Amino acid sequence: MNIFEKSQAIKNQEIKAKDNVEGFINTINNTNNSINAFLEINNENAIKKAEEIDKKAQNKENLGSLAGLVFAIKANINVEDFIISAASKTLENYQGSYNATVVDKILKEDGIILGITNMDEFAAGSSSETSFYGVTDNPAAPGRIPGGSSGGSAAAIAGDMCDISLGSDTGGSIRNPASHCGVMGFKPSYGAVSRQGLIDLSMSLDQIGPLATDATGIALTLDTIVAHDPSECTSIDYDKPNFTEIALEAKTSENPFEGVKIGICDEFKNVTDDKINKIVDKKINELSSLGAEINEFCFNYIDLCLPTYYLINYVEFFSATRKYDGRKYGHKIEDVCGDEVLRRIDMGSYISQREFSGKFYKGALKARSLIKNEIDEMLKDTDLIMGPTVPKLPHKIGEKLDPMEMYAYDVLTVIANLSGIPAGSMKAGEVDDIPVGLQIQAKSFEDHKIIKAFSAIEEL
Ligand code: GLN
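Residues numbered from 1 in each chain as written. Predicted model: local features only at pLDDT ≥ 70, side-chain atom pairs only at ≥ 80, totals over all residues. Heavy atoms only, no water.

**Q** Explain the site of the ligand to me, please; I cannot follow it from the model alone.
**A** Around the ligand sit 16 residues in total, of which Ser 126, Gly 171, Ser 173, Tyr 309 and Arg 344 are the nearest. Here Tyr 309 contributes a side-chain N or O atom positioned 2.6 Å from an oxygen atom of the ligand. Compared with its free state, where it exposes 290 Å², the ligand has 100% of that area covered by protein. Among the residues making up the shell around the ligand, the classes are represented as five nonpolar, eight polar and three charged. (Near = heavy atom within 4 Å. Polar contact = N/O pair within 3.5 Å; in protein donor to acceptor, adjacent residues only side chain to side chain. Areas by Shrake-Rupley, 256 points an atom, 1.4 Å probe, with all protein chains shown as cover. Nonpolar A, V, L, I, M, F, W, Y, C, P; charged D, E, K, R; others polar.)

Structural data, given as structure tokens:
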């Protein structure tokens, strides 16, 4: 049963919302001690909400599109009455005092918020090892990192602890853990989803998005959270399609790939582990046999991607952290944060001070336009760009990587953030029993093309 079918089954009470919630609570009680996907859950509230939904369903009252589906929210998205720490000691006592726009929208559609998930501190990482609350394990490859920074949100899906989770993606933080945990994760076009209530990592790159086991779960969530938010200055008003309809149609369509143009790039493969390439190529070739037209493109700026991304990230993060000076939130960030966060603050501060010469940040913005223009150019001639999500397999928990090795995980995902385009990851297969993701990217505000592809591919 996919998530859409489950939502229908709850509405007609073949499944009780209460049983759905209690099933997940059971799993969490049995496994979260070792997986550490959730930092906090609120059983009582979730069960109460589920009972209300069951009652309404039995009385044939109107219910929202997410009725009875269970959500987990990354610890950097504000939810009233939960601790929203961004997995940092800095905010260990910060209780969400309002709901992020996306959270309000989920609640309005009768989604049930069960708890808050673990992550890299302030979303600055690719492994979920930098959380103040300890590392999250990967349910799909035990003993290995789940990826990051939304590692808890991906592990909660892979470990069957909720129906849908929210993550944030600044340079890959939804897609990277989705890839490592073998689930689906989607970063919407920049501006499609309100960031109001998200704790900034790098505001010109950050976007909130869903993770789930299947395309209907992603689509239902997008139908809820993609919306213009006048209170958020980067939110864009556009004519959004019905994602769920598109996902459902793709499942019954006879040839969903007929005439679809798919772009691939040698430069993506050259930085990627051969074993991963093999799995991803096989998936793409299947689509070609179904009528998709595969075209090769050249991407000249692969070497610019990480330096450009990290420079912008350092500067914007430094500026975002100035409010954690110990007056309002209890701790001064520099006094209590971990090494990676401190590195970004130090570097961001250094670059900002040197900025009068325009050497660094302005240079990075120029490089960002080069990357964006090249990607936009590529997307003029193709519907989708496909390739691996992450260039290497997740390392074993505890293995020590230096910062550059850690950053190297992000080379294929930062491109979409720098360009503002939508991008998602779904499981392509496994290498040595470890999941490997297929990344699909599209033009800005053609997010639905990725959802359609997700849904059609998962039917194969
Ligand atoms: N791993 C990248 C970083 O450390 C991306 C993080 C993210 O998307 N939040 O910045």
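**Q** Would you take a moment to explain the pattern of salt bridges for this structure?
**A** Across all of its chains, the model carries 20 salt bridges by this definition. Linking Lys 89 and Glu 92 is a salt bridge whose minimum nitrogen-to-oxygen distance equals 3.1 Å. Here Lys 372 and Asp 376 are joined by a salt bridge, their closest N and O atoms 2.9 Å apart. Taken as a pair, Lys 372 and Asp 376 lie in helix α14 (residues 361-380) at a separation of four residues, close to a single helical turn. Taking the relative accessible area as the measure of exposure, Lys 372 reaches 31% and is therefore partly exposed. Counted as one network, the salt bridges with shared partners bring together Asp 383, Lys 443, Glu 446 and Lys 449. (Salt bridge = Lys/Arg side-chain N within 4 Å of Asp/Glu carboxyl O. Helix = DSSP H or I, 4+ residues; strand = E, 2+ residues; numbered from the N terminus. Buried < 20%, exposed > 50% of the residue type's maximum accessible area, 1.4 Å probe, protein only.)

**Q** Even after reading the chapter, I still don't get the sheet that holds strand β7 (residues 261-265), so can you show me in this structure?
**A** For sheets, the rule is that strands pair by backbone hydrogen bonds, running either parallel or antiparallel. Spatially, 11 strands are ordered β1-β3-β2-β4-β6-β5-β10-β11-β9-β7-β8 in an open sheet, and the strand pairing comes out mixed. The two strands at the open ends of the sheet, each matched to only one other strand, are β1 (38-41) and β8 (293-297). For this sheet the average axis-to-axis angle between neighbouring strands, irrespective of direction, equals 30°. Its contacts with the sheet place helix α10 (residues 274-289) against β7, β8, β9 (384-388), β10 (423-431) and β11 (434-442), and it is angled at close to 110° to β10. (Pairing = 2+ DSSP bridges. Axes fitted to C-alpha atoms, helices over the stretch in contact; angles between N-to-C directions. Contact = heavy atoms within 4.5 Å.)

**Q** Is there a simple way to think about helix α17 (residues 447-459) in this case?
**A** Residues separated by three or four positions in an α-helix point in the same direction, a consequence of the helix having 3.6 residues per turn. Relative to the 18 Å expected for 13 residues at 1.5 Å per residue, α17 spans 19 Å between its end C-alpha atoms, a close match to the ideal helical length. Looking at α17, one finds that the buried residues are Asp 447, Ile 450, Ile 451, Ala 453, Phe 454, Ser 455, Ala 456 and Ile 457. (Expected span 1.5 Å × (residues − 1).)

**Q** I keep staring at the side chain of Ser 202 and nothing clicks. Help me out?
**A** Tracing the backbone through its elements, the reader meets Ser 202 in the loop between β5 (184-187) and β6 (207-212). Given a relative accessible area of 0%, Ser 202 falls into the buried group. With sequence-adjacent residues up to four places away left out, Ser 202 is seen in contact with Thr 170, Ile 312, Asn 313 and Glu 316.

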